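As a plain string of letters, each chain reads:
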Amino acid sequence: MTQTPQQRKANAKFAKEQTAKRGKPATEIKKKQDFKSPISPLWLGLLGFVVFGGLLFELISRIFFG
(Lines give C-alpha, C1' and ligand atoms only; values in the text may rest on other atoms or scores of the structure.)
Protein backbone atom coordinates (compact mmCIF):
# COMPACT_ATOMS: atom_id res chain seq x y z
CA MET A 1 0.00 0.00 0.00
CA THR A 2 1.42 3.38 -0.91
CA GLN A 3 1.59 6.30 1.45
CA THR A 4 -0.31 9.47 0.91
CA PRO A 5 1.57 12.76 1.24
CA GLN A 6 -0.22 13.36 4.54
CA GLN A 7 0.94 9.98 5.91
CA ARG A 8 4.47 10.63 4.67
CA LYS A 9 4.55 14.00 6.47
CA ALA A 10 3.21 12.48 9.70
CA ASN A 11 5.76 9.65 9.54
CA ALA A 12 8.60 12.11 9.01
CA LYS A 13 7.45 14.20 11.99
CA PHE A 14 7.22 11.09 14.19
CA ALA A 15 10.67 9.88 13.11
CA LYS A 16 12.16 13.30 13.86
CA GLU A 17 10.63 13.32 17.37
CA GLN A 18 11.87 9.78 18.05
CA THR A 19 15.39 10.66 16.91
CA ALA A 20 15.41 13.68 19.23
CA LYS A 21 14.39 11.49 22.20
CA ARG A 22 17.21 8.93 21.86
CA GLY A 23 19.67 8.86 24.72
CA LYS A 24 17.73 11.21 26.99
CA PRO A 25 16.25 10.28 30.39
CA ALA A 26 12.50 9.69 30.62
CA THR A 27 11.93 12.75 32.81
CA GLU A 28 13.36 15.03 30.13
CA ILE A 29 11.33 13.43 27.35
CA LYS A 30 7.85 13.87 28.85
CA LYS A 31 5.96 16.81 27.42
CA LYS A 32 3.70 19.04 29.45
CA GLN A 33 0.12 18.10 28.67
CA ASP A 34 -2.46 20.84 28.41
CA PHE A 35 -5.56 20.30 30.51
CA LYS A 36 -8.73 20.11 28.50
CA SER A 37 -12.06 20.00 30.26
CA PRO A 38 -14.32 17.12 29.22
CA ILE A 39 -17.30 19.51 29.23
CA SER A 40 -17.44 22.52 26.92
CA PRO A 41 -17.96 25.97 28.48
CA LEU A 42 -21.38 26.23 26.83
CA TRP A 43 -22.68 23.05 28.52
CA LEU A 44 -21.07 24.07 31.80
CA GLY A 45 -22.86 27.43 31.65
CA LEU A 46 -26.16 25.77 30.79
CA LEU A 47 -25.79 23.35 33.69
CA GLY A 48 -24.96 26.21 36.04
CA PHE A 49 -27.98 28.17 34.82
CA VAL A 50 -30.30 25.21 35.38
CA VAL A 51 -28.98 24.45 38.86
CA PHE A 52 -28.52 27.97 40.21
CA GLY A 53 -31.47 29.42 38.28
CA GLY A 54 -33.73 26.74 39.73
CA LEU A 55 -32.37 27.45 43.17
CA LEU A 56 -32.95 31.18 42.72
CA PHE A 57 -36.54 30.70 41.52
CA GLU A 58 -37.22 28.33 44.42
CA LEU A 59 -35.94 30.86 46.95
CA ILE A 60 -37.98 33.67 45.41
CA SER A 61 -41.15 31.57 45.42
CA ARG A 62 -40.61 30.55 49.07
CA ILE A 63 -39.97 34.14 50.17
CA PHE A 64 -42.91 35.77 48.37
CA PHE A 65 -45.46 32.93 48.22
CA GLY A 66 -44.30 30.77 51.05
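Residues numbered from 1 in each chain as written. Predicted model: local features only at pLDDT ≥ 70, side-chain atom pairs only at ≥ 80, totals over all residues. Heavy atoms only, no water.

With that out of the way, let us pick up the overall build of the chain. When you go through the chain residue by residue, the secondary structure sums to three helices and zero strands. The helix and strand sequence of the chain, counted from the amino end, reads α-α-α. Here the chain has a C-alpha radius of gyration of 26 Å; the compact-globule value for 66 residues is 11 Å, and the former is much larger. As displayed, the chain has an accessible area near 7000 Å², and 66% of this comes from carbon and sulfur atoms. Side-chain charges in the chain split into 12 positive and 4 negative, and the spacing between the mean points of these groups amounts to 11 Å. (Helix = DSSP H or I, 4+ residues; strand = E, 2+ residues; numbered from the N terminus. Rg over C-alpha atoms; globule rule 2.2 N^0.38 Å. Areas by Shrake-Rupley, 256 points an atom, 1.4 Å probe, with all protein chains shown as cover. Lys, Arg positive; Asp, Glu negative; His and termini not counted. Charge placed at Lys NZ, Arg CZ, Asp CG, Glu CD.)

The tally for this structure, following the rule as stated, stands at one salt bridge. Its salt-bridge partner being Arg62, residue Glu58 comes within 2.9 Å of it at the nearest N-O pair. Of this pair, Glu58 and Arg62 both sit in helix H3 (residues 41-65), four residues apart, roughly one helical turn. Classification of Arg62 as exposed rests on a relative accessible area of 60%. (Salt bridge = Lys/Arg side-chain N within 4 Å of Asp/Glu carboxyl O. Buried < 20%, exposed > 50% of the residue type's maximum accessible area, 1.4 Å probe, protein only.)

Looking now at the environment of Ala10. Residue position: Ala10 is located in helix H1 (residues 5-21). Residue Ala10 is classed as partly exposed on the basis of its relative accessible area, which comes to 44%. Separated by ten residues in sequence, Ala10 and Ala20 place their C-alpha atoms 16 Å apart.

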